[in-house]
Structures are given as structure tokens and as C-alpha cells.
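What follows is the residue order along each chain.
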Amino acid sequence: MKPPMLMTPGPTEVSEDVLTAMSRSVINPDLDPVFFEFYRGVTRKIARLVGTEHEAVVLGGEGILGLEAACASLIEPGDRVLCFANGVFGYGFADFVKLYGGQVVFCYGDERHPFDPDEVLTLLQRDPGFKIATLVHCETPTGLLNPVPLLAPLLRKHGILTVVDAVSSIGGIPIAADAWGVDILLGGSQKCLSAPPGLAFLSISPEAWAAIHRRKQPVAGYYCNLSHWADWYERKWFPYTLPVNDLFGLDAALDRVLADADVYERHRRVGQAVRRAITAGGLELFPKSGWSDTVTAFLPPSGLKESEIRREILERHRILLAGSLGTLTDPVIRIGHMGENCWVDRVSRALEALDAALRHFGFQPAAPLVDTFTAALD
Ligand SMILES: *Cc1c(COP(=O)(O)O)cnc(C)c1O
């Protein structure tokens with residue numbers, strides 16, 4: 001049986017050209033001069049995508065490795081770290097901060113609203129004594145987008161290094177790491193870029209490199225130590241053997257996104273049309289404001305279980321949607337309309353299946369989901 005159509009917020013659909021690129025012959029990434037130039041090309045494409053003139057690196061491991069590597073490399077025992085928490089990944093950052101000896105101070109937010117820059121400014125005026133701040137751009141478990149373009153400049157003005165998890169926004173929402181003043185901005189292969197899971201990448205500002213080089217204590221650990229990547233090109237040396245074929249795939253995926261002049265506009269159009277379809281159908285979006293155009297989370301109709309709705313959609317329609325993740329108090333259903341998932345025909349099929357599943361369980365959408373979606377596209 002064919003695997004189900006992925007409409008999850010990662011992994012997303014992988015296109016044929018990416019799969020083909022991955023099936024190229026293996027080359028030796030530690031010895032073949034061609035590979036160093038190829039890898040450099042990949043990092044330049046990432047830098048372009050996230051809007052930085054500075055260095056980017058790609059690590060062999062999923063997005064989480066990027067979060068951990070940033071924390072491991074920047075944090076020294078006792079450093080005060082401000083962790084912005086209004087979702088699962090925001091809270092999760094704090095675990096890595098603690099793991100590497102950082103002293104966590106939470107900036108608590110509301111799971112259903114993005115952070116308010118004015119409140120953050122007030123907090124920083126009261127207490128600016130942080131070395132680092134961790135922020136999540138798109139909280140994938142709730143579909144909430146935090147105003148990083150407004151928060152990162154505030155933090156920089158107060159001399160605080162920023163680490164931004166943009167795993168589920170890079171490639172779906174415009175990013176400008178340098179203009180926003182982000183020091184480390186990190187992503188993964190399997191979300192909006194629509195390569196298979198397996199790679200993390202980070203852009204690193206000169207200020208972040210300086211902080212890494214200035215450390216008094218060596219980084220605890222090897223695999224997460226970004227200082228190994230400071231001069232890989234000059235030395236023609238990598239800290240470990242890189243997964244070449246995953247990188248072939250990521251390179252092809254980056255080419256697709258960078259050549260797609262409509263990519264952000266498509267995410268915007270599809271994102272707002274999905275939200276219109278959900279609300280016009282009589283369902284409630286989980287975020288009250290600050291919706292991400294890459295993923296939509298909504299509450300199941302009262303009395304219905306999200307797990308049963310999703311099972312029906314999987315079994316009868318062979319489409320995989322996502323449920324809740326982690327500590328969310330309300331169970332939600334999530335549609336990942338990011339990357340290669342973000343095509344009108346795919347999203348229409350997912351909404352059609354959702355509509356049918358809701359009716360199957362006795363809930364009549366106030367307006368057919370696909371009709372609203374189609375009408376709201378332009
Ligand atoms: C997917 C994701 C990650 C990384 O999780 P992995 O399981 O390592 O892919 C990190 N942060 C956010 C916001 C994500 O959506």
C-alpha cells in the first residue's frame with residue numbers, strides 16, 4: 001500500500017527531484033575536494049534564504065540538534081538566559097539551557113497569543129542582565145507565530161545574544177536574520193524545505209562566534225560544539241563524516257525554494273484561506289492572534305476526539321494530519337501546509353477529507369470547508 005499523503009507539519013512531502021538528488025553516488029566528504037565546494041555552496045544558499053551575509057553551517061542531525069548545539073556552544077555555567085516560553089518548543093529550549101549550566105529566567109507568554117513587544121521592552125528595562133535569549137519563531141504545536149522581527153532588535157539593543165528557532169518558518173515565511181539582529185537562527189530539513197528529516201542548519205553572527213571563541217570554559221561535548229566549524233573550509237576538515245546524500249537532497253530542496261518567486265505569497269494565500277475555511281466551518285482556531293502561514297491548529301468540535309477524527313482521515317482517505325504535541329492543555333488537530341504540502345490541490349484534498357470525517361462523526365460544518373478555502377484563495 002502507498003504511504004499516506006503527508007499533511008503534517010514535518011516531515012512534509014518530498015519532491016521527486018529531491019529524492020533523485022539523494023540517490024546520487026556517495027562521495028567521500030572528508031577527502032574529496034569537490035565536496036568542500038559543494039558544502040560551501042549549500043551554506044551560501046541557506047545564508048541567502050535566511051537573509052544573512054555571515055556564515056551558516058549544516059549539521060548531521062535533526063532540528064533539535066541545532067537548538068542543542070546553539071545552547072551548548074554559547075552558554076557557560078552560570079550564564080543568565082532569558083527563555084521566551086509560550087509553547088512546547090519555547091519551554092523545551094530551557095531544558096537545553098539548564099543542561100549546559102545556564103540559569104533560566106522565563107519570559108512567560110500565552111499559548112494562544114504571540115509575545116507583545118511592549119511588555120518585553122518593560123521587562124528588559126527592569127532587568128537587562130542576560131547574556132542570551134532563546135525564542136521560537138513559529139510554535140509548530142499551536143501554529144502561533146511570534147514577532148521575532150520586533151523582539152530580536154529589542155534584545156540586541158540591550159546587548160543580549162539571540163538564538164531563534166525558526167525550524168517551521170524558514171522557507172515558508174520571509175526571514176531576515178541580519179536585519180532583525182538575530183545571532184543564531186536555526187532550522188531543519190524536514191519542514192518548509194521539504195527534504196527528509198536528518199539535517200539541522202544554523203546561521204551564526206560574528207557576535208555569536210566572538211562569544212563562542214571568548215569562552216572561559218570549553219564546550220561540554222563534541223557533537224554540539226560549534227567551534228569545530230569555525231574554520232572547516234580553511235582546514236578542509238569536518239568534525240565528523242557528513243551525510244552526503246542528505247546534503248544532496250537539501251541542496252536540491254534549497255534550489256527549489258530559492259527559484260520559487262511565489263513561495264512566500266503562496267504560503268500566505270493558503271494559510272489565510274485554510275483559516276477562513278476552518279472558522280467558516282464553525283471550528284475554532286487555537287491561536288487567537290498571530291497565526292502562522294505554515295501550520296494551522298484548531299480545536300475539534302466539542303464531544304469529538306481529535307485522535308478519532310485523524311484516524312478516520314487516515315484510514316478512509318489515506319491522509320495524515322497531526323494532533324497535539326507535548327503539554328498543550330487542549331487537544332488540537334494540525335494541518336501542516338508548509339513547503340511541498342502547500343499546494344492548493346493537496347490542501348483541498350486534506351480539507352475535503354476533514355470535512356467528510358467531521359460529517360461522519362455527526363458534525364455538519366456550517367460551510368463546506370473546500371468551498372470556503374477555494375473562494376478565499378484570491
Ligand atoms: C520540528 C521542530 C523542531 C525540531 O524537531 P525535530 O524533531 O528535531 O525535527 C524544533 N523546533 C520547532 C519549532 C519545530 O517545529
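Sequence order as written defines the numbering, with residues in each chain counted from 1. Under the rules for a predicted model, residues below a pLDDT of 70 receive no local features and side-chain atom pairs below 80 are neither given nor counted, while totals for whole chains, interfaces and linings still include all residues. In computing side-chain properties, one takes all heavy atoms of the structure into account and sets aside hydrogens as well as water.

The next thing to look at is the site of the ligand. Whether a residue is near a molecule or strand depends on its heavy atoms: it is near if one of them lies within 4 Å of it. Taken together, Glu62, Gly63, Ile64, Phe89, Cys138, Thr140, Asp165, Val167, Ser168, Gln190 and Lys191 form the complete shell of residues around the ligand. Between the ligand and the protein, one listed contact pairs an oxygen atom with a backbone N or O atom of Ile64 at 3.0 Å. In protein, a polar contact means a hydrogen-donor-capable atom and an acceptor-capable atom, both N or O and within 3.5 Å, with residues adjacent in sequence counting only if both atoms are side-chain atoms; elsewhere, any N or O pair within 3.5 Å suffices. One of the side-chain N or O atoms of Lys191 is found 2.6 Å from an oxygen atom in the ligand. Only the protein chains shown count as covering a residue, and every accessible area follows the Shrake-Rupley method with a 1.4 Å probe. If the ligand stood free it would expose 370 Å²; the protein chains cover 85% of that surface.

Between N-to-C directions, angles cover 0 to 180 degrees, with each direction set by a line fitted to C-alpha atoms, over the stretch in contact for helices. Secondary structure elements are defined from DSSP: runs of H or I of at least 4 residues count as helices, runs of E of at least 2 residues count as strands, and each element is numbered from the N terminus. Where helix H2 (residues 33–50) contacts helix H10 (residues 244–259), the two axes come as close as 10 Å, and the packing angle between them is 40°. When the interaxial angle is binned, H2 and H10 end up oblique. As H2 packs across H10, the resulting crossing turns out to be left-handed. Counted together, Phe35, Phe38, Tyr39, Val42, Lys45, Ile46, Arg48 and Leu49 of H2 and Val244, Leu247, Phe248, Leu250, Asp251, Leu254, Asp255, Val257 and Leu258 of H10 form the full contact between these two elements. Ten residues, namely Ala, Val, Leu, Ile, Met, Phe, Trp, Tyr, Cys and Pro, are considered nonpolar, four, namely Asp, Glu, Lys and Arg, are considered charged, and the remaining ones, Gly among them, are considered polar. Looking at the contact of H2 with H10 residue by residue, the class counts come to 13 nonpolar, no polar and four charged. Roughly parallel refers to an angle under 35 degrees, roughly antiparallel to one over 145, roughly perpendicular to one between 65 and 115, and oblique to any angle outside these ranges. Should the near helix be turned anticlockwise from the far one by less than a right angle, the crossing is termed left-handed; should it be turned clockwise, right-handed. Throughout, a contact is declared for two residues whenever any of their heavy atoms are within 4.5 Å.

Next up on the list: the nonpolar core. Burial of nonpolar side chains together is a common tendency in soluble globular proteins. As used in this record, nonpolar core signifies buried Ala, Val, Leu, Ile, Met, Phe, Trp, Tyr and Cys residues forming a set joined through side-chain atoms within 4.5 Å. To sort residues, take the accessible area from a 1.4 Å probe on protein chains only and compare it with the maximum for the residue type: under 20% means buried, over 50% means exposed, and anything in between is partly exposed. With 84 residues, the main nonpolar core has Tyr39, Leu226 and Trp229 as its most contacted residues. Broken down by element, the residue count for this core peaks at eight residues, all from H2. Once residues within four sequence positions are removed from consideration, Trp229 is found in contact with Tyr39, Val57, Val58, Leu59, Trp209, Phe238, Pro239, Tyr240 and Leu242.

Further remarks concern the domain arrangement of the protein. Domain extents, as shown, originate in an automatic or database domain assignment. Entries for the protein in the domain assignment read domain 1 (5–9 + 262–377) and domain 2 (16–259). For domain 1 versus domain 2, the separation of C-alpha centres amounts to 28 Å. Contact with domain 1, which involves 28 residues of that partner, is made by 25 residues of domain 2. Counting each side, the surface lost to burial between domain 1 and domain 2 is near 2,200 Å², with a carbon and sulfur contribution of 58%. When two parts are brought into contact, each loses some accessible area as probed by a 1.4 Å sphere; the total of that loss over both is the buried area. Contact with domain 2 buries area across many residues of domain 1, yet Tyr264, Phe286 and Glu340 alone supply 25% of it, more than any other trio. When a carboxyl oxygen of Asp or Glu is within 4 Å of a side-chain nitrogen of Lys or Arg, the pair counts as a salt bridge. Inspection of the region where domain 1 meets domain 2 yields two salt bridges. The partner of Arg256 in a salt bridge is Glu340, with the nearest N and O atoms 3.0 Å apart. In this structure, the connection of domain 1 to domain 2 is made through 11 residue pairs in polar contact (both at pLDDT 80 or more). Listed by contribution, the elements that provide at least two residues to the side of domain 1 that touches domain 2 are helix H11 (263–280), strand S11 (284–285) and strand S12 (295–299).

Burial analysis of S12 places five of its five residues in the buried class, which makes it a mostly covered element. By the alternation rule, side chains of S12 split into Val295, Ala297 and Leu299 and Thr296 and Phe298, which are all buried. Whether two strands pair depends on DSSP finding at least two bridges between them. With two bridges joining them, S11 and S12 adopt antiparallel strand pairing. Considered in S12, the bridge of Leu285 is made with Phe298. For S12 and strand S14 (residues 333–336), the ladder comprises four bridges, and the chain directions are antiparallel. The partner of Ala297 across the bridge, within S14, is Arg334.

A few words on the side chain of Ser169. Relative to the helices and strands, Ser169 is located in the loop between strand S8 (161–165) and helix H7 (177–180). Residue classification places Ser169 among the buried positions, given a relative accessible area of 0%. A distance of 2.7 Å separates polar atoms of two side chains, one belonging to Ser169 and the other to His137. Apart from the residues lying within four places of it in its own chain, the contact partners of Ser169 are His137, Cys138, Ile175, Cys192 and Thr294.

A few words on the pairing of strand S3 (residues 80–85). Counting buried positions along S3 yields five of six residues, so the element is predominantly enclosed. For S3 and strand S4 (residues 103–108), the ladder comprises six bridges, and the chain directions are parallel. Pairing of Val81 across the sheet is with Val104, part of S4. In this fold, S3 hands off to helix H4 (residues 88–99), which returns the chain to S4; that crossover is right-handed. Clockwise travel from the first strand over the helix to the second, with the strands pointing away from the viewer, marks a crossover as right-handed.

This part takes up helix H6 (residues 148–157). Listed in full, the buried residues belonging to H6 are Val148, Leu151, Ala152, Leu154 and Leu155. Buried positions in H6, seen along its axis, are confined to an arc of 160° and lie on one side of it. Exposed side chains of H6 directed beyond 90 degrees from the buried face belong to Leu150 and Lys157. Each element contacted by the buried residues of H6 is listed here: S3, helix H5 (117–126), strand S5 (132–136), S8 and H7. Just downstream of H6, Gly159 is the residue with a positive phi angle, here 75°. Relevant arc is that of directions from the helix axis to the C-beta atoms, nothing else.

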